[in-house]
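One letter stands for each residue in the lines below.
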Amino acid sequence: MTNSSRPRLFIIGGNFAGLSAARALSSRHFDVTVIDPTPNFEWLPHIHELISRHKKADQLRHDRQQLLDRAGHRFLQDTVTAIDKSQQRVQLASGQYLAYDELIIAVGNISLIEKIKGASEYAIPFGSVSDAERAALQLQRLDSLSLPERPVVIVGASIEGVEVLGEIIRRYRRQWRFQLHIIEAQDSVMPQYQGIDNYLKELSKDLDIRWHTGRKVQEVCKDSVVLDNGEVLASRVTLWCAGAIPHPLLAEAGLAPQGQYAPVNAALQSLADDHIWIAGDAASFSSDLGKQAYHALPMGALIARNINRARQHRELVPFKPLAIPSLMSFGEVGFLLSKSHALASPSLIAAKEGVFQANFNLLKLPRHVSEWYDLKESLMFSAINIGKLAKNTWTEGKLLHARHFQARSR
Ligand SMILES: Cc1cc2nc3c(=O)[nH]c(=O)nc-3n(C[C@H](O)[C@H](O)[C@H](O)COP(=O)(O)OP(=O)(O)OC[C@H]3O[C@@H](n4cnc5c(N)ncnc54)[C@H](O)[C@@H]3O)c2cc1C
């Protein structure tokens, strides 16, 4: 600790988990700095909607500096390149070394794209607003070109890939000109539920879409994708929605075995160091805890609470993951996914939108009267949109068109 009475607390990564921790820490008690290479907080769970233009980039971003100013904390736009836990300091890409008293690591994960030959060069990843904008532009360009064939490949058909496909269909269904290939390593799409695979195929059966399940991508080339059975698929746009791997910083810092997430105790403290706390996707808390924003947010908040409690020499509180279902979209159909079953209905799209609007707007809690006015306006706008969505599903008689899928026992 320095002469100043406030402990120096650094947060590496300022998205869901990092920002949530920062917001829950008082600047009266801690000298907090959030480090992130990118200027904006991004709401990743809705970036696929940029493809159909149902959302614009600005609707999914908050200025990180502004959010942190509100909390009385510092923002440093930089990348942490190394953590030296013995000297309690981090190294930045800009060359600076910064000493900490407590460190929160919330770096998320990185795309599997880095590991597949040619993929980072020729495929578009799906991990940020700008990735999704790039994908949207390339699809739009391909659609407008006068070509005999317009082949597109989506690699990965778990939630992310399914949502991307849904948005492509939403935008281009009326005049479908793509030859779309979906590659999925598992034997069926979303095999954890009986029947979702067939239902998705049924929803897109009139379109030129080929599903390649039980296949992996071996190489991505400029105009093609090579599968592990040797098949070569032509591709003018390749979208990479397949999986994520742990951030290399975790193993390099000695906080995780090579290629693994960082193990933590019940209070989310690193098992390798009492002054390091791991939040969000970067943490290995339990094997069945999904890498989800709705876990990352409370993890960040709990770490803030525990750091406060540690300062007061009080007992630390264990993390109890929320047992709530997640929401997925396939264009105009929403899915509620729980451990025991899944439900699909157009009405669930309004629910997903509601969760997004409430959480996204609340991240930017207003301080001045004019900002309260802005928040009221944006909540009203959201309420009207959600109302419209609900009304459409009602008037089109789709409200009760729910399909039920049983989870497969593991
Ligand atoms: C397309 C998509 C759809 C999703 N859909 C859903 C959904 O419907 N529901 C849901 O709950 N979750 C969803 N998720 C998952 C959710 O987005 C993640 O679980 C969540 O983002 C994890 O939060 P995090 O703070 O741990 O990591 P992130 O949100 O990934 O944030 C990590 C931050 O760390 C920064 N960083 C990385 N390396 C460094 C470094 N070396 N130095 C400094 N900063 C660094 C990054 O710039 C980033 O800002 C989705 C994710 C994607 C990509």
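Caption draft 1: The overall build of the protein chain, seen in detail. When you go through the protein chain residue by residue, the secondary structure sums to 10 helices and 26 strands. Its C-alpha atoms give the protein chain a radius of gyration of 22 Å, near enough to 22 Å, the size a compact globule of 410 residues would have. Its C-alpha atoms give the protein chain principal-axis dimensions of about 70 × 50 × 45 Å. Residue burial in the protein chain is summarised as follows: out of 410 residues, 40% are buried. Partitioning the intrachain contacts of the protein chain with sequence separation of at least 6 by distance along the chain shows that 64% fall at a separation of at least 24.

Caption draft 2: Summary view of the pairing of strand β16 (residues 224-227). Relative to β16, strand β15 (residues 217-220) runs antiparallel, the two being bridged by 3 bridges. Its bridge partner being in β16, V217 is matched across the sheet by L227. Pairing analysis gives 3 bridges linking β16 to strand β17 (residues 232-234), with the strands arranged antiparallel. Its bridge partner lying in β17, V226 is registered against V232. In this structure, the hairpin formed by β16 and β17 is closed by a connection of 4 residues, where G230 is found at a positive phi of approximately 90°.

Caption draft 3: Examining the domain arrangement of the protein chain more closely. Examined at the domain level, the protein chain breaks down into domain 1 (8-108 + 247-311), domain 2 (112-240) and domain 3 (326-406). Each of domain 1 and domain 2 was reduced to a C-alpha centroid, and the two centroids are 31 Å apart. Each side of the interface is counted separately: domain 1 has 11 residues, and domain 2 has 13 residues. In terms of residue class, the side of domain 1 that touches domain 2 is made up of 5 nonpolar, 2 polar and 4 charged.

Caption draft 4: Expanded view of the site of the ligand. Taken together, 33 residues surround the ligand, and among them G13, N15, P45, G108 and G280 come closest. Of the residues contributing to the shell around the ligand, the split by class is 17 nonpolar, 12 polar and 4 charged. Taken domain by domain, the shell around the ligand gets at least three of its residues from each of domain 1 (8-108 + 247-311) and domain 2 (112-240).

Caption draft 5: Focus on the sheet that holds β15. Across the sheet, which stays open at both edges, the 3 strands sit in the order β15-β16-β17 with antiparallel pairing between neighbours. Taken across any chain shown, the strands that pair with only one partner, and hence form the sheet edges, are β15 and β17. Taken over all neighbouring pairs, the strand axes of this sheet differ in orientation by 25° on average, direction set aside.

Caption draft 6: Region of interest: the sheet that holds strand β21 (residues 276-278). A sheet is described by the order of its strands in space; here 5 strands give the open sequence β5-β2-β1-β9-β21, paired in parallel fashion. Pairing within the sheet leaves two strands with one partner each, and these edge strands are β5 (74-77) and β21. Direction aside, the axes of adjacent strands within the sheet are offset by 20° on average. As paired strands, strand β9 (residues 102-105) and β21 are joined by 3 bridges and run parallel to one another. Within β21, the residue paired with I105 across the bridge is I278.

Caption draft 7: How the structure looks around helix α1 (residues 16-23). Of all 8 residues making up α1, 7 are buried, and the element is well covered by its neighbours. Turning to α1, its buried residues number three or more, namely F16, A17, G18, L19, S20, A21 and A22. Buried positions along α1 lie against β1 (8-12), β2 (31-36), β3 (40-42), α2 (64-71), β9 and α8 (293-311).

Caption draft 8: Spatial organisation of the nonpolar core. If you look at the biggest cluster of nonpolar residues, it comprises 55 residues, and the most contacted ones within it are I154, V155, V162, L239 and W240. Those residues in contact with I154 that sit more than four places away from it in its chain are G161, V164, L165, L180, I182, L239 and C241.

Caption draft 9: View of the environment of N198. Inspection of the secondary structure assignment puts N198 in helix α6 (residues 196-203). Exposure remark for N198: the 12 C-beta atoms within 10 Å place this residue in the exposed category.

Caption draft 10: Seen up close, the environment of G72. Here G72 is to be found in the loop between α2 and β5. Residues G72 and S26, spaced 46 residues apart in sequence, show a C-alpha to C-alpha distance of 8.0 Å.

Caption draft 11: Spatial organisation of the packing of α1 against α8. At a minimum axis distance of 7 Å, the contact between α1 and α8 shows a crossing angle of 35°. The two elements α1 and α8 meet at a crossing, and its hand is right-handed. Between α1, through F16, A17, G18, L19, S20 and A21, and α8, the contact on the second element is made entirely by A293, A296, L297, M299, G300, A301, I303 and A304. Grouping the constituent residues of the contact of α1 with α8 by class yields 11 nonpolar, 3 polar and no charged.

Caption draft 12: Highlighting unusual backbone geometry. At R53, a residue that is not glycine, the phi angle is positive and equals roughly 65°. Its place among the elements puts R53 in the loop between β3 and β4 (61-63). The exposure class of R53 is exposed, given the 12 C-beta atoms found within 10 Å.

Caption draft 13: Here's a closer look at the environment of L289. Structurally, the position occupied by L289 is in the loop between β22 (283-284) and α8. What makes L289 partly exposed here is the crowd of 15 C-beta atoms within 10 Å. Each C-alpha atom of the pair L289 and A323 lies 9.9 Å from the other, and the pair is 34 residues apart in sequence. Sequence-distant contacts of L289, defined by excluding residues within four places in its chain, comprise H295 and P321.

Caption draft 14: Molecular detail of α6. Along α6, the residues classified as buried are I196, D197 and L200. All buried residues of α6 project into a common sector of 105° when viewed along the axis, lining one side. Looking at α6, the residues exposed on the side facing more than 90 degrees away from the buried face are N198 and E202. Where α6 is buried, its residues touch α5 (159-172), β23 (326-330), β25 (341-345) and β26 (403-406).

The rules behind these values
Residues numbered from 1 in each chain as written. Predicted model: local features only at pLDDT ≥ 70, side-chain atom pairs only at ≥ 80, totals over all residues. Helix = DSSP H or I, 4+ residues; strand = E, 2+ residues; numbered from the N terminus. Rg over C-alpha atoms; globule rule 2.2 N^0.38 Å. Buried ≥ 20, exposed ≤ 12 C-beta atoms within 10 Å, placed from the backbone. Contact = placed C-beta atoms within 7 Å. Pairing = 2+ DSSP bridges. Domains from an automatic or database assignment. Nonpolar A, V, L, I, M, F, W, Y, C, P; charged D, E, K, R; others polar. Near = placed C-beta within 6 Å. Axes fitted to C-alpha atoms, helices over the stretch in contact; angles between N-to-C directions. Core = buried A, V, L, I, M, F, W, Y, C linked by C-beta atoms within 7 Å. Left-handed = near helix turned anticlockwise from the far one by under 90°. Arc of directions from axis to C-beta.

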